[in-house]
Amino acid sequence: HPEVTDFRVWPVYLDVSKSRSQGRKLAVSMCVKKPTAQELLEAAVHLGLRARLEAAKYPRDFYTEGRIAVEWDGKKSQLLKKIGVQVKKRRGGS
């Protein structure tokens, strides 16, 4: 059994307007414009994950505030894809 870990997920990871070097972690097709930490939290909770908001500023973009911590026992890349797909669905995307 993999160990459950708290992963930090920043909104910039799923921001279609950011480049990989600016911090985006997913393919543009799985991203949305300017996601919020609250949206990430709602998506994670909807997926049945244990998640919480954390007040923090993204190191590479001081204006990006908030992130979530999610308990997850798999790869971070899989977690990001699940959350990205869910945020997009909740915004009405396919």
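Residues numbered from 1 in each chain as written. Predicted model: local features only at pLDDT ≥ 70, side-chain atom pairs only at ≥ 80, totals over all residues. Heavy atoms only, no water.

*Asks:* So what exactly am I meant to see when it comes to the nonpolar core here?
*Replies:* For soluble globular proteins, the rule of thumb is that nonpolar side chains tend to be buried together. By size, the foremost hydrophobic cluster in this structure holds 23 residues, and its most contacted members are Val9, Tyr13, Leu40, Ile68, Val70, Leu79 and Ile83. For this core, the elements supplying multiple residues, two or more each, are strand E1 (5–9), helix H1 (37–46), strand E2 (51–58), strand E3 (61–72) and helix H2 (76–90). In contact with Leu79, not counting residues within four places along its chain, are Phe7, Val9, Leu49, Val70 and Trp72. (Core = buried A, V, L, I, M, F, W, Y, C linked by side-chain atoms within 4.5 Å. Buried < 20%, exposed > 50% of the residue type's maximum accessible area, 1.4 Å probe, protein only. Helix = DSSP H or I, 4+ residues; strand = E, 2+ residues; numbered from the N terminus. Contact = heavy atoms within 4.5 Å.)

*Asks:* I would appreciate a short explanation of the packing of aromatic side chains in the present structure.
*Replies:* Two aromatic rings, taken as a pair, are described by how far apart their centres are and by the angle between their planes. Applying the stated rule across the entire model yields 0 aromatic pairs. Directly above the ring of Tyr13 sits Lys25, whose terminal nitrogen or CZ lies 5.0 Å from the centroid. (Phe/Tyr/Trp six-rings, centres within 6.5 Å; stacked < 30°, edge-to-face > 60°. Lys NZ or Arg CZ within 6 Å of the ring centre and 35° of its normal.)

*Asks:* Explain H2 here, please?
*Replies:* The α-helix winds at 3.6 residues per turn, so residues separated by three or four positions along the chain end up facing the same way. Between its terminal C-alpha atoms H2 stretches 21 Å, which fits the 21 Å expected from 15 residues at 1.5 Å a residue. Taken as a whole, H2 has its buried residues at Leu79, Leu80, Ile83, Gly84, Gln86 and Val87. Looking one or two places after H2, you find Gly92, whose phi comes out positive at around 95°. (Expected span 1.5 Å × (residues − 1).)

*Asks:* Got a minute to help me understand the packing of H1 against H2 in this structure?
*Replies:* When two helices pack together, their arrangement is given by the angle between the helix axes and by the axis-to-axis distance. Where H1 contacts H2, the two axes come as close as 9 Å, and the packing angle between them is 105°. If you check the angle between H1 and H2, you find them roughly perpendicular. Across the interface between the two elements, Glu39, Leu40, Glu42, Ala43, Ala44 and His46 from H1 touch Ile83, Gln86, Val87 and Arg90 from H2. Per-class residue counts for the contact of H1 with H2 are 5 nonpolar, 2 polar and 3 charged. (Axes fitted to C-alpha atoms, helices over the stretch in contact; angles between N-to-C directions. Parallel < 35°, antiparallel > 145°, perpendicular 65-115°, else oblique. Nonpolar A, V, L, I, M, F, W, Y, C, P; charged D, E, K, R; others polar.)

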